[in-house]
Each structure stands twice: as structure tokens, then as C-alpha cells.
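Residues per chain, in single letters:
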Amino acid sequence: MHDVDIRAATATDHPFLVDMLVEAVNWLPERNWSRERILADPALAHYVTGWMRPDDIGVVAAEPAGRPVGAAWLRHLTAADPGYGYVSDDVPELTIGVVESWRGRGVGRMLLRAVLEAARARGIRRVSLSVERANVAAGFYATEGFRTVESFENADTMVADILA
Ligand SMILES: CC(C)(COP(=O)(O)OP(=O)(O)OC[C@H]1O[C@@H](n2cnc3c(N)ncnc32)[C@H](O)[C@@H]1OP(=O)(O)O)[C@@H](O)C(=O)NCCC(=O)NCCS
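Draft legend 1. A look at helix 4 (residues 107–121). The end-to-end C-alpha separation of helix 4 is 21 Å, in line with the 21 Å expected for 15 residues at 1.5 Å each. For helix 4, the complete set of buried residues consists of Val107, Gly108, Leu111, Leu112, Val115, Leu116 and Ala119. Summarising the axial view, the buried residues of helix 4 lie within an arc of 160°, below the 170-degree limit, and thus occupy one face.

Draft legend 2. Summary view of the side chain of serine 88. Assignment of secondary structure puts serine 88 in the loop between strand 3 (68–75) and strand 4 (93–98). Once residues within four sequence positions are removed from consideration, serine 88 is found in contact with Leu77 and Arg126.

Draft legend 3. Fine view of the side chain of aspartate 13. Take aspartate 13: it is sitting in the loop between strand 1 (5–8) and helix 1 (14–25). A polar contact is formed between the side chain of aspartate 13 and the side chain of arginine 7, at a distance of 2.9 Å.

Draft legend 4. Region of interest: the packing of aromatic side chains. Applying the stated rule across the entire model yields 3 aromatic pairs. Each ring, one from tryptophan 51 and one from tryptophan 73, has its centre 6.4 Å from the other, and the planes form 70°; the classification is edge-to-face. Here tryptophan 51 is found in the loop between helix 3 (42–45) and strand 2 (57–62), whereas its partner tryptophan 73 is found in strand 3, with 22 residues between them in sequence. Within the aromatic cluster, the residues linked to one another by ring pairs are Phe140, Tyr141 and Phe146. One residue, arginine 37, lies across the ring of tryptophan 33, its end atom 3.6 Å from the ring centre. Taking the ring centre of tryptophan 102 as reference, the NZ or CZ of arginine 105 above it sits at 4.3 Å.

Draft legend 5. Expanded view of helix 1. Between the first and last C-alpha of helix 1 there are 16 Å, a value that for 12 residues agrees with the 16 Å anticipated at 1.5 Å per step. Taken residue by residue, helix 1 has Phe16, Leu17, Val18, Met20, Leu21, Val22 and Val25 as its buried positions. Close packing links the buried residues of helix 1 with helix 2 (35–39), helix 3, strand 2, strand 3 and strand 4.

Draft legend 6. Main features of the site of the ligand. Around the ligand lies a shell of 20 residues, among which Val98, Gly104, Gly106, Gly108 and Arg109 are the nearest. Within the contact set of the ligand, an oxygen atom lies 3.3 Å away from a side-chain nitrogen or oxygen of arginine 103. Measuring from an oxygen atom of the ligand, one finds a side-chain N or O atom of asparagine 135 at 2.9 Å. Burial of the ligand by the surrounding chains reaches 67%, relative to a free accessible area of 910 Å². Looking at side-chain class alone, the shell around the ligand contains 10 nonpolar, 6 polar and 4 charged residues.

Draft legend 7. The arrangement of the nonpolar core in detail. Ranked by internal contacts, the top residues of the largest apolar core, which has 29 residues, are Leu94, Leu112, Val115, Tyr141 and Phe146. Looking at this core, the elements with two or more residues in it are strand 2, strand 3, strand 4, helix 4, strand 5 (126–132), helix 5 (137–143) and strand 7 (155–161). Tallying contributions element by element places helix 4 first for this core, with 6 residues. Counting 17 residues, the second-largest nonpolar core is a separate cluster that includes Val18, Val25, Val48 and Trp73.

Draft legend 8. Structural view of the pairing of strand 3. Here strand 3 lies mainly inside the structure; 7 of its 8 residues are buried. Taking the residues between adjacent antiparallel strands as the criterion, strand 2 and strand 3 are bridged by 5 residues, where glycine 66 takes a positive phi near 105°. Here 6 bridges tie strand 3 to strand 4, and the two strands are oriented antiparallel to one another. The residue of strand 4 that forms the bridge with tryptophan 73 is threonine 95.

Parameters at a glance
- Residues numbered from 1 in each chain as written.
- Predicted model: local features only at pLDDT ≥ 70, side-chain atom pairs only at ≥ 80, totals over all residues.
- Heavy atoms only, no water.
- Helix = DSSP H or I, 4+ residues; strand = E, 2+ residues; numbered from the N terminus.
- Expected span 1.5 Å × (residues − 1).
- Buried < 20%, exposed > 50% of the residue type's maximum accessible area, 1.4 Å probe, protein only.
- Arc of directions from axis to C-beta.
- Contact = heavy atoms within 4.5 Å.
- Polar contact = N/O pair within 3.5 Å; in protein donor to acceptor, adjacent residues only side chain to side chain.
- Phe/Tyr/Trp six-rings, centres within 6.5 Å; stacked < 30°, edge-to-face > 60°.
- Lys NZ or Arg CZ within 6 Å of the ring centre and 35° of its normal.
- Near = heavy atom within 4 Å.
- Areas by Shrake-Rupley, 256 points an atom, 1.4 Å probe, with all protein chains shown as cover.
- Nonpolar A, V, L, I, M, F, W, Y, C, P; charged D, E, K, R; others polar.
- Core = buried A, V, L, I, M, F, W, Y, C linked by side-chain atoms within 4.5 Å.
- Pairing = 2+ DSSP bridges.

Right, dumping it as C-alpha cells:
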């Protein structure tokens, strides 16, 4: 894709990562949770709180003019404060979102590959995520090497071995 560049995320991307967390939560159109509601929910806010920490890894897709159109990031959450896709303290969890008007054009796949490459470069072996089973993103993750390791009522935890 020629009209989008992928760059490393920085601390100044925090507001955009919040935007993309809002997109990820609201993948179901009728959900429509507000930014305030999401940031007030500790189980969701901890994906972005204090961004960026030394062990955070993120990438941003941006138009040539610099306007961000999507982001993917990995955060280490711990057993004391686990994410929905928690499997182990040494396995960071993925969050990904693309601005709605940019979806279905390959940006998400570019972001996912780029953030996994950045993780590999940091010596990370496994990456996890949680996806609600009805979300088409589940099939997308499977095509990029994620497999389901645990299933809950509506959601699956998926893991990819990225150094294998
Ligand atoms: C999931 C998301 C990040 C994917 O980004 P994207 O830029 O739309 O994805 P791409 O265009 O790179 O497509 C990647 C794959 O996703 C799947 N996909 C994307 N849109 C789809 C659709 N409308 N229907 C079915 N499959 C779809 C396809 O498998 C596609 O691969 P293909 O084009 O080779 O067939 C993006 O759609 C999004 O932000 N969705 C809302 C937030 C969300 O669900 N986040 C994840 C929460 S777990």
C-alpha cells in the first residue's frame, strides 16, 4: 500500500491509541461505548494507561501528511492485573484498531506484521490476544499464525509463537 506508512509508536501517540482502543471495544456497532466509559473501566483502561512504558511495543499507520489511521500495540499485563487475553507475565497482549474509513484495505495486516516484527526484534517469543468470537478479526488473526488456546463464553484467547 503506497498511501500509508508504518512507524514506531511514541509516547505522544497516547491519545490516538485511546482512539483505537475505543474502536477495538466498539467493533460491535451497537455497543458504542464512550471514550469516558472505556477509560473509567480498569479492565479496558489498562491497555493504554501510562503509555508508553519501557516494555511497550507499538506501531502506527499514518497517511503521508502524518495523520494516523491505525495502530497495533503490545503490552505486558501481569497476573496481578491480567488482560482479557492474559496467558503469562512474559507474553504481551495485542490491541489493534484501524480508523473505520480505512478498514479492509490491508492496513490491519501491515500493522499486525509490523508489531510482531518489532516484538521479535526485542526477543519476545509469544504474543496473545482476546477476540470476541463473532468478530471477523478472529479469522484474520488465524491467518497470521494465532491459534486459540482458551475459550470463554463469547471470546477466545489466541496465541502466536513468533520466534518459532
Ligand atoms: C480488525 C481490524 C484491525 C483489521 O484491520 P483492516 O485494516 O480492516 O484489515 P485488513 O484490510 O488488513 O484485512 C485483514 C483481514 O481481515 C479480514 N477482514 C477484514 N475486514 C473484513 C470483513 N469486513 N469481513 C470479513 N473479513 C474481513 C480478512 O481476512 C482480511 O484479509 P484479506 O483482505 O486478505 O481477506 C479492523 O477491521 C478494525 O479496526 N476493526 C474494529 C476494531 C477491532 O475489531 N479490533 C480488534 C479487536 S480484537
